[in-house]
Amino acid sequence: RKEVEQDPGPFNVPEGATVAFNCTYSNSASQSFFWYRQDCRKEPKLLMSVYSSGNEDGRFTAQLNRASQYISLLIRDSKLSDSATYLCVVPSGGSYIPTFGRGTSLIVHP
Amino acid sequence: ETGVTQTPRHLVMGMTNKKSLKCEQHLGHNAMYWYKQSAKKPLELMFVYNFKEQTENNSVPSRFSPECPNSSHLFLHLHTLQPEDSALYLCASSQERLAGGRVGYEQYFGPGTRLTVT
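This is a predicted model, so every value here is computed, not measured.

A. Summary view of the overall build of chain A. From N to C terminus, chain A includes zero helices and 11 strands. On C-alpha atoms alone, chain A measures out to a radius of gyration of 13 Å, which is about the 13 Å that the 2.2 N^0.38 rule sets for 110 residues. Principal-axis analysis of the C-alpha atoms places the extent of chain A at approximately 40 × 30 × 20 Å. The 110 residues of chain A split such that 47% are buried. For chain A, the exposed surface amounts to about 5100 Å²; the carbon and sulfur share of it is 48%. Distance between charge centres in chain A, computed from 11 positive and 10 negative side chains, equals 3 Å.

Written out as structure tokens, the structure is:
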């Protein structure tokens, strides 16, 4: 299994839809996980941290499933502005060595 | 000025040139990173500096040479590059912290330098 795997998509959804992405990881000792958002030709920007208890921020919910070694990102009531690539990040090695997934592309259409 | 800044934003260089990319973070973080992002490829970690010490060199060719004079500045010196080195070079910083017993190190990225090697 690759260290971090994501379905590249694209996920093509209408406005208002609910969409979810998963990210699987191989390092069972990983503690902290993150979701980033990257717009075309821009830098990644931190979206959410993901801890054991999960995390919710408005329309976005991140969950961790340690048993199956994946994290998920749920977006409710999708907006056109949510169109972007969503990257998951899992630490490998020391606590400050992150591994990025390839990203999942989301396209929200009217 | 806040966040992470990078200069130049765009750079075109020939294969025999020598140039340097600069990154500066104004967040008081203790770790800095260089990443390479090529078209349709995931982010590739190149170098990590933690408290000014290089702690990771991800099998990067010697034509890329990092320098970290202090915890706020990071350079990437470039010489005799190849066309396949054309990419977006991103700098990031982070601060290891504990919150409720959990280690966190959210990274903050600069806008990147778009490099074209001709």
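After presenting the structure, the write-up continues.
B. Fine view of the interface of chain A and chain B. Taken together, the contact pairs 21 residues of chain A with 26 residues of chain B. Along the contact surface separating chain A from chain B lie three residue pairs in polar contact (both at pLDDT 80 or more). Residue assignment for the side of chain A that touches chain B shows that the elements contributing at least two residues are strand E4 (33-38), strand E5 (45-50), strand E9 (84-91) and strand E10 (98-100) of chain A. Partitioned by chemical class, the residues of the side of chain A that touches chain B number 12 nonpolar, six polar and three charged.

C. View of the packing of aromatic side chains. According to the stated counting rule, one finds 10 aromatic pairs over all chains in the structure shown. On the basis of an interplanar angle of 45° and a centroid distance of 5.5 Å, the ring pair of B:Tyr35 and B:Phe109 is categorised as tilted. In this pair, B:Tyr35 sits in strand E4 (residues 31-37) while B:Phe109 sits in strand E12 (residues 107-109), placing the two residues 74 residues apart along the sequence. The residues B:Tyr35 and B:Phe109 share a single accessibility class, namely buried. Grouped by ring-pair contacts, the aromatic residues A:Tyr36, A:Phe100, B:Tyr33, B:Tyr35 and B:Phe109 constitute a single cluster.

Calculation notes
Along each chain, residues carry numbers from 1 onward, in the same order as the chain's sequence is written. Just so you know, chain letters begin at A and ligand numbers begin at 1, following the order they were written in. This being a predicted model, a pLDDT of at least 70 is required before a residue's local features are given, and a value of 80 or more before pairs of side-chain atoms are given or counted; all residues contribute to the totals for chains, interfaces and linings. With hydrogens and water set aside, each side-chain value is computed from the structure's full complement of heavy atoms. Segments assigned H or I by DSSP are reported as helices when at least four residues long, segments assigned E as strands when at least two residues long, and all are numbered from the N terminus. The size measure is the radius of gyration over C-alpha atoms, and the globule rule it meets is 2.2 Å times the number of residues to the 0.38 power. Each residue gets one of three labels from its accessible area relative to the maximum for its type: buried under 20%, exposed over 50%, partly exposed in between, using a 1.4 Å probe on protein chains only. Per-residue accessibility takes into account occlusion by the displayed protein chains alone, with areas from the Shrake-Rupley method and a 1.4 Å probe. Asp and Glu count as negative and Lys and Arg as positive, but His and the ends of the chain are not part of the count. Charged groups are reduced to one reference atom each: NZ for lysine, CZ for arginine, CG for aspartic acid, CD for glutamic acid. Should any heavy atoms of two residues lie within 4.5 Å, those residues are counted as being in contact. N or O atoms closer than or at 3.5 Å make up a polar contact, with two conditions inside protein: a donor-capable atom paired with an acceptor-capable one, and, for residues adjacent in sequence, both atoms drawn from side chains. Residue type decides the class: Asp, Glu, Lys and Arg count as charged, Ala, Val, Leu, Ile, Met, Phe, Trp, Tyr, Cys and Pro as nonpolar, and the leftover types, Gly among them, as polar. Any two of the Phe, Tyr and Trp rings considered here, Trp counted by its six-membered ring, make a pair once their centres fall within 6.5 Å; the pair's planes then place it as stacked at under 30 degrees, edge-to-face at over 60, or tilted in between.

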